[in-house]
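Next come the chains, spelled out residue by residue.
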Amino acid sequence: MDESILITRKTFLGKCVSVILAASIPSFLNREIFSAFESQPYLTAVKQGSPEAMAKAAFLNFKFLSTMAIKNKTVLVKPNIGWNVKPELGANTNPGIVSETVKYFIERGAARVYVMDNSADNWKESYTSSGIEKAAKSAGAIMAPAHQESYYQSVNIPSGKKLKKTKIHEIALSCDLFINLPVLKTHHSTMMTCAMKNLMGVIWDRYELHSLDLHQCIADLNTVIKPQINIVDAYRVMFKSGPRGTSRSDIVLKNQLFISNDIVSIDSASARTLNLDPNKIKYLAIFGKDKPGFDLQKTEIKKVAL
Amino acid sequence: MKKFRVIISILIFFLFSAAFLNFGKDWLLLQKIIKETQLIPSVMNLMYNLSSTAFLSVAVILFVTFISGRTYCSFFCPLGVLQDIFSFLSKKSFRKQKFSYSYKSHFRYYFTGIIILSVLAGTLIPLNLSDPYSIFGRIFSDIMRPIAVIGFNSIIDLSASVKIIIMTKQKINEIIPYSLIVSAIYFIAIFVLAAAKGRAFCNMFCPTGTLLSVISKHSIYRIYINDKCVMCGQCEIVCKSQCIDYKNSAIDFENCVMCLNCLKSCSEKAIEYKHRTSRINSPNMKKDKFSRKAALKWIFSLTGFAAFGTLLQSLKFVNLLTNHSEAAETMPVPPGCVSVEHLRSRCTSCHLCVSVCPTNIIVPSAAPDGFKGIFQPVLNFKNGYCTYECTRCSQVCPAGAILPLSLEEKKITSIGEVQLKIEKCIVTLQKTDCGACAEHCPTGSVFMKEKNGLHYPVTDSSKCVGCGACTYVCPSEPLAISVMARGIHTSLKPFTSDGIEKTEKQNEFNF
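What counts and how
Residues numbered from 1 in each chain as written. Chains lettered and ligands numbered in written order. Predicted model: local features only at pLDDT ≥ 70, side-chain atom pairs only at ≥ 80, totals over all residues. Helix = DSSP H or I, 4+ residues; strand = E, 2+ residues; numbered from the N terminus. Buried ≥ 20, exposed ≤ 12 C-beta atoms within 10 Å, placed from the backbone. Contact = placed C-beta atoms within 7 Å. Pairing = 2+ DSSP bridges. Right-handed = clockwise from strand over helix to strand, strands pointing away. Axes fitted to C-alpha atoms, helices over the stretch in contact; angles between N-to-C directions. Parallel < 35°, antiparallel > 145°, perpendicular 65-115°, else oblique. Left-handed = near helix turned anticlockwise from the far one by under 90°. Nonpolar A, V, L, I, M, F, W, Y, C, P; charged D, E, K, R; others polar. pLDDT = per-residue confidence, 0-100. Expected span 1.5 Å × (residues − 1). Core = buried A, V, L, I, M, F, W, Y, C linked by C-beta atoms within 7 Å.

**Concerning the overall build of chain A**
At step 1: Looking only at helices and strands, one finds 13 helices and twelve strands in chain A.
At step 2: The buried share among the 306 residues of chain A stands at 58%.
At step 3: Across chain A, every contact between residues at least 6 apart in sequence was considered, and the portion connecting residues at least 24 apart equals 75%.

Here it is, written out as structure tokens:
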């Protein structure tokens, strides 16, 4: 066991106290867990470069990050590690982008960077074969497990229409900064899986969502989990057979990467990248219809070509 | 010399325990090595698959026995070492064991004869119940592993600091009461037998021990009592196999498991391990004095035995006896099994595959199905699904019941066929999108088609490998999608899994 990942007694007790305090305040469950930068949506789009170079350029050119308080914060980087497949098949987030993201937040003085996903396939195998475990660990992150119910805490969703209550991973609840790092793919039934749908990886029972109207549930989930930063890996984009993919021929080498503080903007931009109309993606339409980022008109977009 | 034996055997015991507990890290290499060391599974593999590696293992084991006696029983047999540990524990805690010489009847030869005949007749039940390696495997896989996992997980729960992050909890494999209870009975019986009678199991029931005895009777190096003997009787007291008759200075070497306790116990150095001399000093050898009559008797009985066995085999006697239900014949079994029949006729039920399966879908069969075998593995898709990128079970099977598959072969081996009941699907019932089945399908044999703005699942069974992912994730109750197991596995047309990704010439943002 890696020693750096062990928590000292002091921090543990601190966490216990904070968890108990939080649980004893009923209003806790009603507050919005993550305060996103609601104000102005920004989006930086980078193209033509290696995954690592694009990630670096994105961090450099995304003006939001420079003013962000990161020092001593606990950061959760949530890539898509859903599938037990090799990076070339594009079903999981590119490990190069994950490691650059982890490196960036560690350089900016983050106290701890966690990387985790509740994989759809066997979690251990997925962590390994996606290349993300190795990349994240060597960049200094902690690979957190998410395969057992005991890591999850029950959370109410006050504004949820179909999904009223779900179990969310304790790191996602306790972290200071939530970095959503999906990979852009088509999806058999939701048309697209990207930033909004990627949040299904921090909850315990994703099949509950499937059985209770998937689109509405994704929208409901997004009312309670609000990532501060969303980074979309559009380097290898799966244009068919998503989200798992069956072969490399499903992939188009798009060589792009987007970063935004607004999940609606980034999903809207991603939908266009897949040549889809954002209105056709029901969960995005339900959640973002009346949000400023939906038609990208009010989003401040910066385009960078390497 | 005894020290050497103890060190080796404890090492072997730990390695086998690690392989069967399959805990924490990946023990695949170890599991691949130990599967080659066991006699009975190797014999099955040699007999039915003509495997060259199995031939080598059998040849090496028999050759070593011919040279040195039944060293295998004390050095390499995990159940033998377990019995020694039981003896040791009972000696420390209850009472000092005192063994005394007892004449061994030919019971075990008849017993093994029955096992051989039953195997030829087409049932592995007697073999499944008596192979020492498989008994050890079942004890560790069915009892020790759940105990270890529960213990480990409760330690994590207790030390909550670790619970918040990291040391990850292990998943327990599904407990099959019937297999667990039988293994527990074995555990207790072997403990009692070992505490009371030393290696009695090895010289009464064990088919490996009996087969090796036939050879060790004629082995080149053996244990002798020489003229220095002062008739103190210490060696007889410590002899776990009760094969030393010190009063007659005789050692019944075919029953000797080469524990070497006697060598250590003798203060006069009157017991030697040395090259065979012309002296006949085994009490059994005296009785079996070689005569023409005896030779004829042996030849007749062996020929008769072989003829009877061949007859049973050609008749497929058990097939005549049993009336296999359709369901039993088409049970889901791991890829590499070729067919249910293939698995049934080879598996010694060691449960190594049960231990190594990362998704715990390989479980001992929940009840005896037919007369062909007992505790043999089946797949339970309720626990998970067969990982598309995994060939572990096929790599560790010692008996060749699950044949080794390369990943490419495994990916096109179909163990079942997808069956969709669209009227039970969430999309049909609730008119909301779901798509969990298509999402998980690794081959694209389940996919979604749009109709009236909703996406309905469609299946293409020509691509289905029967991994069970769609069944496992289906949120419908009752299940809308399931896998119909194949009695005989088939090979699909290879997929173009490594196509070329497209590159766009004009890389522009679409917004």
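**Some remarks on the pairing of strand β2 (residues 74-79) of chain A**
Residue and element names in this part refer to chain A.
At step 1: The buried count for β2 comes to five of six residues, which makes it a mostly enclosed element.
At step 2: Strand direction decides the pairing type here: β2 and strand β3 (residues 112-115), joined by four bridges, are parallel. Along β3, the bridge assignment pairs leucine 76 with tyrosine 114.
At step 3: The parallel pair β2 and β3, bridged by helix α5 (residues 95-107), forms a crossover whose chirality is right-handed.

**Some words on the packing of helix α4 (residues 52-68) of chain B against helix α12 (residues 207-216) of chain B**
All names here are of chain B.
At step 1: At a minimum axis separation of 8 Å, α4 and α12 run at an interaxial angle of 50°. Comparing the axis directions of α4 and α12 gives the class oblique. Seen along the crossing, α4 lies across α12 with a hand that is right-handed. Packed against α4, whose contacting residues are Leu62, Thr65 and Phe66, the element α12 presents Leu212, Ile215 and Ser216 at the interface.
At step 2: A breakdown of the residues in the contact of α4 with α12 according to their chemical character gives four nonpolar, two polar and no charged.

**Focus: the interface of chain A and chain B**
At step 1: At the junction of the two partners, chain A supplies 48 residues and chain B supplies 45 residues.
At step 2: Mapped by element, the contributors of at least two residues to the side of chain A that touches chain B are α1 (9-24), β1 (42-47), α6 (123-129), α10 (206-211), α11 (214-222), β11 (251-260) and α12 (263-273) of chain A.
At step 3: Element by element, the count of residues in the side of chain A that touches chain B is highest for β11(A), at five residues.
At step 4: For the side of chain A that touches chain B, the per-class residue count stands at 16 nonpolar, 18 polar and 14 charged.
At step 5: Strand direction decides the pairing type here: β11(A) and strand β11 (residues 502-503) of chain B, joined by two bridges, are parallel.

**Observations concerning the confidence of the model for chain A**
At step 1: Here chain A shows a mean pLDDT of 87. Residues at 70 or above account for 88%.
At step 2: Scored below 50 in pLDDT, residues 25-37 of chain A shows 21 contacts in the model against residues more than four places distant or in partner chains.

**Digging into the environment of Lys167(A)**
At step 1: Along the polypeptide, Lys167(A) turns up in strand β6 (residues 165-169).
At step 2: If we ignore the near neighbours within four places in the chain, the residues touching Lys167(A) are Tyr152(A), Gln153(A), Ser154(A), Ile203(A), Trp204(A) and Asp205(A).

**Some details on unusual backbone geometry**
All names here are of chain B.
At step 1: Each neighbour pair has its own omega, and for glutamate 477 with proline 478 the value is 5°, a cis peptide bond.
At step 2: Structurally, the position occupied by proline 478 is in the loop between α25 (469-473) and β10 (481-491).
At step 3: In the Ramachandran plot, serine 249 falls in the positive-phi region, its phi being about 50° despite a non-glycine side chain.
At step 4: Along the chain, serine 249 falls in the loop between β2 (244-245) and β3 (250-251).
At step 5: Phi is positive for valine 338, which is not a glycine, with a value near 70°.
At step 6: Within the secondary structure, valine 338 sits in the loop between α18 (326-329) and α19 (340-346).

**Focus: α5(A)**
All names here are of chain A.
At step 1: Counted at 1.5 Å a residue, the expected span for α5 with its 13 residues is 18 Å, and the 18 Å between its end C-alpha atoms agrees.
At step 2: When you tally the buried positions in α5, you get eleven out of 13 residues, the bulk of the element.
At step 3: Those residues of α5 not exposed but buried are Pro95, Gly96, Ile97, Val98, Ser99, Glu100, Thr101, Val102, Lys103, Tyr104 and Phe105.
At step 4: Immediately beyond the C-terminal end of α5, within one or two residues, lies glycine 109, with a positive phi of roughly 90°.

**Here we look at the packing of helix α1 (residues 2-21) of chain B against helix α9 (residues 132-158) of chain B**
Residues and elements named next belong to chain B.
At step 1: Taken N-terminus to C-terminus, the directions of α1 and α9 make an angle of 65°; their axes are 9 Å apart at the nearest point. When the interaxial angle is binned, α1 and α9 end up roughly perpendicular. When the axes of α1 and α9 are compared, the crossing they make is right-handed. Of the residues in α9, those in contact with Phe16, Ser17, Phe20 and Leu21 of α1 are Phe136, Gly137, Phe140, Ser141, Met144, Arg145 and Ala148.
At step 2: Classifying every residue of the contact of α1 with α9 gives seven nonpolar, three polar and one charged.

**Some thoughts on the confidence of the model for chain B**
Residue and element names in this part refer to chain B.
At step 1: Confidence in the prediction for chain B averages 85 pLDDT; 91% of positions are at 70 or higher.
At step 2: Per-residue pLDDT stays below 50 along residues 282-287; that stretch engages in twelve contacts with residues further than four places along the chain or on separate chains.
At step 3: Both scores are given for the predicted complex: the pTM is 0.85, the ipTM 0.82.

**With respect to the nonpolar core**
Residue and element names in this part refer to chain A.
At step 1: Among the nonpolar cores identified, the biggest contains 209 residues, and Val77, Tyr114, Val115 and Leu257 are the most heavily contacted of them.
At step 2: For this core, the leading source of residues is strand β10 (residues 229-238), giving seven residues.
At step 3: Apart from the residues within four sequence positions on either side, tyrosine 114 is in contact with Leu76, Val77, Ala141, Ile142, Ala144, Ile171 and Cys175.

**Some remarks on α4(B)**
All names here are of chain B.
At step 1: For α4, which comprises 17 residues, the first-to-last C-alpha distance of 24 Å matches the rise-based estimate of 24 Å (1.5 Å per residue) to within 8%.
At step 2: The inward-facing, buried residues of α4 abut α3 (39-49), α5 (71-75) and α12.
At step 3: Count one or two residues on from α4 and you reach glycine 69, which has phi positive near 90°.

**Structural notes on the environment of Gly245(A)**
All names here are of chain A.
At step 1: Examined against the element boundaries, glycine 245 turns out to sit in the loop between β10 and β11.
At step 2: Note: C-alpha distance between glycine 245 and alanine 45 (200 residues apart in sequence) is 25 Å.
At step 3: When sequence neighbours within four positions are dropped, the list of residues in contact with glycine 245 reads Leu89, Gly90, Ala91, Met238 and Asp250.

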